[in-house]
Amino acid sequence: MITFLVSIVLLIVGYLTYGKYVEKVFGVNTDRQTPAYTNEDGVDYLPMGEKRNSLIQLLNIAGVGPIFGPILGALYGPVAFLWIVFGAIFAGAVHDYLTGMISIRNRGAHLPELAGKFLGKVMKHVVNAFTILLLILVGTVFVTAPADLIHNMASSWLSLPVILLAIFAYYLLATMLPIDKIIGRFYPIFGAFLVISAVGVGLSLVFTGAPVPEIELTNMHPDNAPIFPLLFLTISCGALSGFHATQTPIISRTTQQEKQGRRIFYGMMIAEGIIAMIWAAAAMSLFNGSEGLNEVLANGGPAAVVSEVSVMMLGAVGGTLAVLGVIVLPITSGDTAFRSARMIIADYINVSQKKIVSRIWIAVPLFVISFVLTRVDFTLLWRYFSWANQSTAVIALWVGAMYLFLSRKNYWIAAVPATFMTMATFTYILNAQIGFGLSLNLSYILAAIITVAIVVTFFNAARRGLNKNIPLEEEWKTTA
């Protein structure tokens, strides 16, 4: 398992080196007040400590994505390790850091508002609709996934509809109450389950000498699905995820100082990459290759793999605790998905969230739509989620690149991964049956043309932006 261990080390080294470089490029201002103080409202804007914010950020972004995604990505073989490592260091963590820090510089603004400011007013409306769609899909996926896991553990006495209703009830409270009442209070407990599941499985792999395969570029997928673009959409959380762009503004509104950003935003993405590495390695090593893994997935989906890995690695008691950790992950992302949706809609229509009635009438319709979507096949939901997720990441990276360009700083740290993922997402939607269903070769050609057009458009808009003197920082008060 040399590849596995070296990959973990590379992720940590990436945080200590490239993370520091990205922080230097952005340029933190330790004297500048953050929105937690300038916009404090006791609901969404309030200062919390660095450790608390880091843990909340990790639990916010680490849903089933860094577990289910790498398990499905493990079908491709060890090549998946490369995307997790280099994706997390050079794309995902950069994406999270820039989104969080630019949000801090702009009174905790969410992605639609940032897109409108830096990419044009039309993009604000497009990204707003796109982001709400993504968050509803995320919320739905993160209801059905933990519900299925709980039902597998307690099906003899607890029905699936009751489990779904219980999760929705928790989500409703977490969405509407001030962030320090539920999310800030219970996430440390949930974090313990997260640590037990990830560290427990990881150490078991090492000490049992599990046969984790070494790196090779061969495509081992049983159905011979193409590595590009499918691997880069299958493994999103753990490498690069647009969902994170909807979550970082939650914490940008509670961050005390800009210098805490590297640990909170860049560091927690690296931590998620380590979680993804552990589950990808477990899926590759314990089912006799891609064929065996594919058989388990066909019979019970990623949830079945999680259950089998947990019991095999940690026994009955430890396995149950590990499964609980996996259940916690989507629940602690689903609640903040709906919370983000509420905040984005409130910002878009300029409605203060101080009164709980204002929060209720925005949140309840979101839950009704999500409940209806729970009746849709999970696999289909996941495909749409994957595309919407990575498309959102592309937008966030272009926002980051524009901010750095206008700041006359090294914008290539965001523009390069943005260009790569623009090509990947357009190739996917052009080729996929849920998209246009074109041949793969034609999809490559059209995606390349679209990507070149977007890059040219970006540089033209960036040069015009320099002449407009777009303010890079804003200190607005929220609506009273």
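Note that the structure is a prediction, hence the values are computed from the model and not measured.

## Describing the pattern of salt bridges
One side chain can pair with another of opposite charge once the charged atoms of both are near each other. If you walk through the whole model with that rule in mind, you get 10 salt bridges. A salt bridge links Arg262 to Glu23; the nearest nitrogen and oxygen atoms lie 3.5 Å apart. Pair noted here: Arg262 is in helix 13 (residues 261-285) and Glu23 is in helix 2 (residues 18-26), with a separation of 239 residues, a long-range link. Here Arg262 and Glu23 have matching classes, each one buried. Taking the shortest distance from any N to any O, the salt bridge between Glu473 and Arg32 comes out at 3.0 Å. Placement of Glu473 in the segment after helix 18 (440-468) and of Arg32 in the loop between helix 2 and helix 3 (35-38) is noted, with a sequence separation of 441 residues between them.

## Some remarks on helix 7 (residues 111-119)
With 8 of 9 residues buried, helix 7 is to be regarded as a mostly interior element. Among the residues of helix 7, those classed as buried are Leu111, Pro112, Glu113, Leu114, Ala115, Gly116, Lys117 and Phe118. After helix 7 finishes, the residue Gly120 shows a positive phi value of roughly 115°.

## With respect to the nonpolar core
Phe4, Ile71, Tyr171, Tyr266, Trp279, Leu293 and Val309 are the most contacted members of the largest nonpolar core, which has 160 residues in total. Looking at this core, the element that brings in the most residues is helix 14 (residues 289-349), giving 21 residues. Residues contacting Tyr266, with those up to four places away along its chain left out, are Gly14, Tyr15, Tyr18, Gly19, Val22, Ile89, Ala93, Val94, Tyr97 and Gly261.

## Considering empty space enclosed by the protein
A full pass over the atoms with the stated rule returns 1 cavity of 30 Å³ or more. Residue lining of the largest cavity: His110, Pro112, Glu113, Lys124, Asn128, Ile344, Asp347 and Tyr348, and that is the complete set. Looking at the lining of the largest cavity, the elements that each hand over two or more residues are helix 7, helix 8 (121-154) and helix 14. Examining the composition of the lining of the largest cavity, we find that 3 residues originate from one element, helix 14, more than from any other. When grouped by side-chain class, the residues that make up the lining of the largest cavity number 3 nonpolar, 2 polar and 3 charged.

## A word on the packing of aromatic side chains
Inspection of every chain in the model, using the stated rule, returns 27 aromatic pairs. Note on Phe168 and Phe367: the rings are 6.1 Å apart at their centroids and 85° apart in plane angle, and the pair reads as edge-to-face. With a gap of 199 residues between them, Phe168 in helix 9 (residues 160-176) and Phe367 in helix 15 (residues 356-373) connect regions that are remote in the sequence. Accessibility expressed as a relative area gives 9% for Phe367, which makes it buried. With 5.8 Å between their ring centres and 65° between their planes, Phe168 and Phe371 make a pair best called edge-to-face. One end of the pair, Phe168, is in helix 9; the other, Phe371, is in helix 15, with 203 residues separating them in the sequence. Exposure remark for Phe168: the relative accessible area of 8% places this residue in the buried category. Joined through ring pairs, the aromatic side chains of Phe168, Tyr170, Tyr171, Phe338, Phe367 and Phe371 make up one cluster. In this structure, Arg262 packs its charged tip against the face of Tyr15, placed 4.8 Å from the ring centre.

## Here's the deal with the environment of Leu203
The topology assignment puts Leu203 in helix 10 (residues 183-207). Overall, Leu203 belongs to the partly exposed group, its relative accessible area being 44%. For the pair Leu203 and Met313, spaced 110 residues apart in sequence, the C-alpha separation works out to 9.1 Å.

## What about the environment of Lys51?
Structurally, Lys51 can be placed in helix 4 (residues 50-61). For Lys51, a relative accessible area of 64% translates into the label exposed. Sequence-wise, Lys51 and Ile264 are 213 residues apart; in three dimensions their C-alpha atoms are separated by 8.2 Å.

## Brief notes about the packing of helix 1 (residues 2-16) against helix 6 (residues 79-105)
Taken N-terminus to C-terminus, the directions of helix 1 and helix 6 make an angle of 5°; their axes are 9 Å apart at the nearest point. Relative to helix 6, the element helix 1 lies roughly parallel. Touching Thr3, Ser7, Leu10, Leu11 and Gly14 of helix 1 are Phe81, Ile84, Val85, Ala88 and Ile89, all from helix 6. When grouped by side-chain class, the residues that make up the contact of helix 1 with helix 6 number 7 nonpolar, 3 polar and no charged.

## Notes on helix 15
Spanning 18 residues, helix 15 covers 26 Å between terminal C-alpha atoms, matching the ideal 26 Å at 1.5 Å per step. Looking at helix 15, one finds that the buried residues are Ser358, Arg359, Ile362, Ala363, Leu366, Phe367 and Ser370.

## Description of unusual backbone geometry
A cis geometry characterises the amide bond from Phe228 onward to Pro229, with omega recorded as 15°. You can see Pro229 is positioned in helix 11 (residues 227-234). With a phi angle near 55°, Asn224 is a residue other than glycine that sits in the positive phi range. Mapped onto the fold, Asn224 is located in the loop between helix 10 and helix 11. The exposure class assigned to Asn224 is exposed, which follows from its relative accessible area of 58%. In this structure, Asn350 takes a positive phi of about 60° despite not being glycine. Within the secondary structure layout, Asn350 lies in the loop between helix 14 and helix 15. Given a relative accessible area of 52%, Asn350 falls into the exposed group.

The rules behind the values
Positions within a chain are numbered from 1, following the residues in the order the chain's sequence is written. For this predicted model, a pLDDT threshold of at least 70 governs which residues receive local features, and a threshold of 80 or more governs which side-chain atom pairs are given and counted, while totals over whole chains, interfaces and linings are taken from all residues. As a rule here, side-chain values cover all heavy atoms of the structure and leave hydrogens and water aside. Any carboxyl oxygen of Asp or Glu within 4 Å of a side-chain nitrogen of Lys or Arg constitutes a salt bridge here. Think of it this way: any DSSP run of H or I at least four residues long counts as a helix, any run of E at least two long counts as a strand, and we number them from the N terminus. Burial classes follow relative accessibility: with a 1.4 Å probe on protein chains only, a residue under 20% of its type's maximum area counts as buried, one over 50% as exposed, and anything between as partly exposed. We define the nonpolar core as a collection of buried residues of types Ala, Val, Leu, Ile, Met, Phe, Trp, Tyr and Cys that are connected through side-chain atoms lying within 4.5 Å of one another. Should any heavy atoms of two residues lie within 4.5 Å, those residues are considered in contact. Here a cavity means grid points, on a 1 Å grid over the protein atoms only, where a 1.4 Å probe fits yet cannot get out; a pocket means an open set of points with protein on both sides within 12 Å along at least five of seven lines; lining residues are those with an atom within 4 Å of a point. Grid points are joined across faces, edges and corners, and a volume is the space filled by probe spheres set on the points. In this classification, Asp, Glu, Lys and Arg are treated as charged, Ala, Val, Leu, Ile, Met, Phe, Trp, Tyr, Cys and Pro as nonpolar, and every other residue, Gly included, as polar. Two rings from Phe, Tyr or Trp (for Trp, the six-membered ring) form a pair when their centres are within 6.5 Å of each other. A pair whose planes differ by under 30 degrees is stacked, one over 60 is edge-to-face, and the rest are tilted. Two limits define a charge over a ring: the Lys NZ or Arg CZ must be within 6 Å of the ring centre, and within 35 degrees of the ring normal. Each axis is a line fitted through C-alpha atoms, taken for helices only over the stretch in contact, and angles between the N-to-C directions span 0 to 180 degrees. An angle below 35 degrees is treated as roughly parallel, one above 145 as roughly antiparallel, one from 65 to 115 as roughly perpendicular, and anything else as oblique. What a helix is expected to span follows from its residue count: subtract one and scale by 1.5 Å.

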